[in-house]
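Listed below, chain by chain, are the residues.
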Amino acid sequence: MPITTLRIPTPDGQADAIAAFPDGGGRHPGVLLYPDAFGIRPELEERARELAGHGYYVLVPNFLYRHGPAPVIELPGHIGEEIRPAIIGQLMPLIVEHTTERILRDADAYLGFLTARPEVGPGPVGVIGYCIGAALAMRTATAHPGQVAAVAGFHPGFLVTDAPDSPHRRVPDLTADVHIGLAEGDMSPEAIGELNRALDAAGVGHTTEIYPDTVHGFTMSDTDAFSPSALRRHWDRLLPLLDRALAGG
């Protein structure tokens, strides 16, 4: 699948991004993919390519673009457990600065850019997120209920918090079908229950599933958290969700 590099105009500057889409021309349903905290790197390029191979135009923005192009900090080829805390320590201050207001401004820009691409067909889009990206995906979907028809989050972070603007508090605005794939320990039973009650009340189709024998980050093959079986389960859940929601796109 072709990979292209792009720059997305936003109210605060320009976000660097990559996009993957099928060979052979034509127009395809659009998918906005938010990366995990480590950002755009070969692992995310491969994820975008594989998803594009199933017939989607996949846009992956560097959501930390205000701090520089991806990767915003130096990353090793493999993120082992021995160095992960130090890397997260560098990234967390940048993530904390990525406020809800910034997230929503950027989401408007990303969706506007995605849907205007000549390779993207009319109709609704899907939004996917990994780790912190799952919270960005949920905020995007709840802020654009008429435009986002599917939202998926894998090994999510910060979906249910005590903050007044926690993503789960906006779920009543949601119209998209949802899948949340959790590692064991990603969320407490109480938090999962709170999220499920919000999704039930919104009346949307949803599944919230703990993937067995997993730790946070299980989809990412460049980390020690990687689980091949959980990555396969992720595709088994994600592809039917997108097919159902975006087949008319």
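Structure's up top.
Computed from a prediction, not measured in an experiment: that's the story for all the values here.

Rules and cut-offs
- Residues numbered from 1 in each chain as written.
- Predicted model: local features only at pLDDT ≥ 70, side-chain atom pairs only at ≥ 80, totals over all residues.
- Heavy atoms only, no water.
- Helix = DSSP H or I, 4+ residues; strand = E, 2+ residues; numbered from the N terminus.
- Buried < 20%, exposed > 50% of the residue type's maximum accessible area, 1.4 Å probe, protein only.
- Contact = heavy atoms within 4.5 Å.
- Areas by Shrake-Rupley, 256 points an atom, 1.4 Å probe, with all protein chains shown as cover.
- Lys, Arg positive; Asp, Glu negative; His and termini not counted.
- Charge placed at Lys NZ, Arg CZ, Asp CG, Glu CD.
- Pairing = 2+ DSSP bridges.
- Right-handed = clockwise from strand over helix to strand, strands pointing away.
- Phe/Tyr/Trp six-rings, centres within 6.5 Å; stacked < 30°, edge-to-face > 60°.
- Lys NZ or Arg CZ within 6 Å of the ring centre and 35° of its normal.
- Core = buried A, V, L, I, M, F, W, Y, C linked by side-chain atoms within 4.5 Å.
- Axes fitted to C-alpha atoms, helices over the stretch in contact; angles between N-to-C directions.

Enquirer: So what's going on with the overall build of the protein? Residues and values would help.
Expert: Summing up its helical and strand segments, the protein has six helices and eight strands in all. Mapped from its N terminus to its C terminus, the protein presents α and β elements in the order β-β-β-α-β-α-α-β-α-β-β-α-β-α. The dimensions of the protein, computed from C-alpha atoms along their principal axes, are 45 × 45 × 35 Å. Burial status across the protein gives 55% buried among its 249 residues. The long-range share in the protein, meaning contacts at least 24 apart out of those at least 6 apart in sequence, stands at 75%. Of the roughly 10,100 Å² that the protein leaves accessible, carbon and sulfur atoms contribute 53%. Positive and negative side-chain charges of the protein, numbering 18 and 31 respectively, have mean locations separated by a distance of 4 Å.

Enquirer: Give me helix α1 (residues 42–52): which residues, what numbers.
Expert: Within α1 the residues assigned to the buried category are E43, L44, R47, A48, L51 and A52. The secondary structure elements touched by the buried residues of α1 are β2 (13–20), β3 (30–34), β4 (57–61), β5 (125–130) and α6 (228–246).

Enquirer: Requested: an account of the pairing of strand β8 (residues 206–210), with residues and values cited.
Expert: A regular strand carries its side chains on alternate faces of the sheet. Where strand β7 (residues 177–182) and β8 come together, five bridges link them in parallel fashion. Following the sheet pairing, L182 is matched in β8 by I210. Taken together, β7, helix α5 (residues 189–202) and β8 form a β-α-β motif whose crossover is right-handed.

Enquirer: Could you give an account of the packing of aromatic side chains, naming the residues involved and the relevant values?
Expert: Working definition: an aromatic ring pair is given by the centre-to-centre distance plus the angle between the planes. Across all of its chains, the model carries four aromatic pairs by this definition. Arranged with centres 5.1 Å apart and planes meeting at 35°, the rings of Y211 and F218 form a pair that is tilted. The class for F218 is buried, based on a relative accessible area of 0%. Its end group placed over the ring of Y130, R47 keeps NZ or CZ at 5.2 Å from the ring centre. Here the guanidinium or amino end of R233 rests over the ring plane of Y211, the centre of that ring lying 5.6 Å away.

Enquirer: How would you explain the nonpolar core if you had to name every residue and give the values?
Expert: Counting residues in hydrophobic clusters, the biggest one holds 54 residues, and the most contacted among them are L59, L91 and L174. With residues up to four places along the chain from it excluded, the contact list for L174 reads M138, A141, T142, L199, A202 and V204. Formed by 31 residues, the second largest nonpolar core is a distinct cluster that contains V31, L33, A152 and L241.

Enquirer: How would you summarise the pairing of β2 if you had to cite specific residues and measurements?
Expert: A large share of β2 lies buried, amounting to six of its eight residues. Relative to β2, strand β1 (residues 3–10) is paired through eight bridges, and the arrangement is antiparallel. Its bridge partner lying in β2, T5 is registered against I18. Two successive antiparallel strands, β1 and β2, enclose a turn made up of two residues.

Enquirer: Give a detailed account of the sheet that holds β1, specifying residues and quantitative values.
Expert: Taken in spatial order, the eight strands line up as β1-β2-β4-β3-β5-β6-β7-β8 in an open sheet, and their pairing is mixed. For this open sheet the edge positions go to β1 and β8, each flanked by a neighbour on one side alone. Mean inter-strand twist for the sheet, computed between neighbouring axes without regard to direction, equals 20°. Sheet analysis places strand β6 (residues 148–154) next to β7, joined by five bridges and oriented parallel. Within β7, the position partnered with A150 by the bridge is D177. Seen against the sheet, helix α4 (residues 132–143) touches β3, β5, β6 and β7 and runs at an angle of roughly 155° to β5. Contacting β7 and β8, α5 runs over the sheet at an angle of about 165° to β8.

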